[in-house]
Amino acid sequence: MTSDYKRFALTRAGQAIVVVLLAYVLTFLVISVLPGDAITNTLRDPQHGLSEEDIQRIVAFYGLDQPVIVQLLLSLGRFLTGELGFSLQSNLPVSQIVGDALPSTLTLATSALLIAIVFAVVIAYGAQYLPGRWAAIVRSIPSFFLSVPNFVIGLVLIELFAFRLHSFTTTDPNSAAATLFAAITLAIPVSAPLAEVLIAGLDHESRQEYALVARSRGLTEAKLFAKHLVKPSALPSVAMVALIVGELLGGSVITETIFGRDGIGTVVQKAVTGEDQPVLQAVVSLSAVVFVAVNLVADLASPLLDPRVKLRESKLREKVGP
Amino acid sequence: MTATLGYTQLRNVGTASRKLTSGLPPVTVILSFAVVLLVILWSLVPSLFTSFSPVTGDTASKLAAPSAAHWFGTDYLGRDQYARVVYGTASSVTSALVAVLIGLVVGSIIGLASGFRGGWLDSVLGRFVDVLLAIPGFLLAVVIVSSLGFQTINAAIATGVSAVAVFARLMRAEVMRVRSATYVEASYLQGGNRLHALLGHILPNAYRSVLVLAVLQFGTSILVIASLAFLGYGDPPPASDWGLLVASGKTYVTAPWLVYAPALVIVGTVLSVNRISRWLRKAK
């Protein structure tokens, strides 16, 4: 652990904290400054049946009678101490709402990630080792996966496997089978960029001399793939966690809606329709926290995994791109 | 083994003959251009392609299966689904265009300023782009559209804003790449000023990769806007945006064509756009 690495790690961690704070501010500004007075609209909505006293209490809590900058500082200060406020719709603490929804989304996202990795490896293997014409077809799968909207995949899977083959029922969305199909829906768009990176990596690695030597010594292609080629080809995909985390979080909104699961995505949807500002603010800023944290870990880990990676302080800036 | 060799040889012959006729792009690219052309025509002159109305239907023939008269079948009000798809094209395609334009213009300005000016401006804009990237794109679009109000044009703006970061990053990288090139230095030595370097050297060089990204982003925007419309964040019915058609079709389990027809149109369009983008990237 050199002092160079320590300085690099500290700078990156500092940058990450700044980005999270600014993401909170940006979300706050988007939600509260843009036209439409969400909070008071919701509060005055007679459907919620809030008494004038309740309204006064809530207005005082969020500082709604004060300038936006005061509201922002109030809200940011609470966020820093882990206080996320209360839902305007149900009056429950936001932390409780998010906490209740989190396990379901985590299960969905983790299974989707695993399935996406399996898909990507199978596609990359096929692209490398199937005979000519088949390999060309397999190589075009990622761009096909990227062209199909998430909701279409979900509806097709439900139509085929729930309505025709009766593999699962939509009335029990938390059963293992239903979770599996929801995870496949979420996994397909995620697997495409992963497969592309793996294919490019394998193309590069299998041309290297060590691969030729291994082949000439009689190693079968399957063994060469599993023992030598996979690891160096997979390293660049570590840098893609950012993209994947975003895709999993964003995609869960649609997937959960289609499959009728209760999770973070459904919480977002309800918050949007009910103009539930505190819930929306919390979910968006927490997903920024997750995104930045995962990125930070990947950034800090990559020089340790691959010594050839140079320590660059603003790696995040070059990483995501076309 | 011999089969593989034979195939490789054949393929080599194929590439050789393709080089001779290098004026024409591959068949899939020509097909893709045809699909995009059809989609553009649908959005400009929908009445040329169908005689049915997208708004009024014949309730006697509701939920009819696809036939010679109704290519994509009819919906629960007996409206021709093909007419609904064709008339919904204008809104779906224009909003994707608006999204790309917002991302392209705002992103390019940020990237140009950042790469060209450098220093503190680069740091400030760089952090801003980091922040835009830190919020998952689709969530950001959902939050923006919920603040602006549920309309297709707002969905387009939201999609555009969430694409700003990608364009900014690419433009900055392009500027950095060209800025230090010898011929740009030479143009400074000959007395050219910064504006000259920008207009004469940096923009023309960056244009190609930005164009490739813009085409790719057009496909992505169609998907994002369709997803927003699917969730009900676009114009309400009787508008017939592609995503909205899928959403309203999914209620009728006995009439799966109501989902499949607009879904196929979305997939076909995005696939074509992506193919063109990949061809442009290779051709450069």
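Residues numbered from 1 in each chain as written. Chains lettered and ligands numbered in written order. Predicted model: local features only at pLDDT ≥ 70, side-chain atom pairs only at ≥ 80, totals over all residues. Heavy atoms only, no water.

Quick look at the confidence of the model for chain A now. Residue and element names in this part refer to chain A. Looking at chain A as a whole, the pLDDT averages 80, with 88% of positions reaching at least 70. Ranking the helices and strands of chain A by mean pLDDT puts helix 7 (residues 141-145) first, with 89, and helix 15 (residues 315-319) last, with 43. Taken as a whole, residues 312-322 scores under 50 in pLDDT and shows 31 contacts with residues more than four places along the chain or in a different chain. (pLDDT = per-residue confidence, 0-100. Helix = DSSP H or I, 4+ residues; strand = E, 2+ residues; numbered from the N terminus. Contact = heavy atoms within 4.5 Å.)

Contact with chain B, which involves 45 residues of that partner, is made by 48 residues of chain A. With both chains or domains summed, chain B and chain A bury close to 4100 Å², and 76% of this area falls on carbon and sulfur atoms. Of all residues in chain B, Arg127(B), Leu139(B) and Arg169(B) give up the largest surface area on contact with chain A, accounting jointly for 14% of the area buried on that side. Inspection of the chain B/chain A interface yields 0 salt bridges. For the pair chain B and chain A, the interface holds 3 residue pairs in polar contact (both at pLDDT 80 or more). Among the elements of the structure, helix 4 (119-134), helix 5 (137-148), helix 6 (152-179), helix 8 (194-230), helix 9 (242-249) and helix 10 (257-283) of chain B are those that each provide at least two residues to the side of chain B that touches chain A. (Buried area = accessible area lost by both parts, 1.4 Å probe. Salt bridge = Lys/Arg side-chain N within 4 Å of Asp/Glu carboxyl O. Polar contact = N/O pair within 3.5 Å; in protein donor to acceptor, adjacent residues only side chain to side chain.)

Residues and elements named next belong to chain B. If you walk through the whole model with that rule in mind, you get 5 salt bridges over all chains. Measuring nitrogen to oxygen at the nearest pair gives 3.2 Å for the salt bridge that ties Asp130 to Arg127. A residue pair is termed a helical-turn pair when its members lie 3 or 4 positions apart in one helix, as Asp130 and Arg127 do in helix 4 at 3 residues. Accessibility expressed as a relative area gives 18% for Arg127, which makes it buried. Among the salt bridges present, the one from Glu174 reaches Arg177, with a minimum N-O distance of 2.8 Å. (Buried < 20%, exposed > 50% of the residue type's maximum accessible area, 1.4 Å probe, protein only.)

Ranked by size, the top nonpolar core spans 155 residues in total, and within it Phe151(A), Leu228(B) and Ile266(B) carry the most contacts. The biggest single contributor to this core is helix 8 of chain B, with 17 residues. Both of domain 1 (2-80) and domain 2 (103-262) of chain A provide at least three residues apiece to this core. Filtering out sequence-adjacent residues up to four positions away, Ile266(B) remains in contact with Pro149(A), Phe151(A), Ile222(B), Leu223(B), Ala226(B), Trp242(B), Gly243(B) and Val246(B). (Core = buried A, V, L, I, M, F, W, Y, C linked by side-chain atoms within 4.5 Å. Domains from an automatic or database assignment.)

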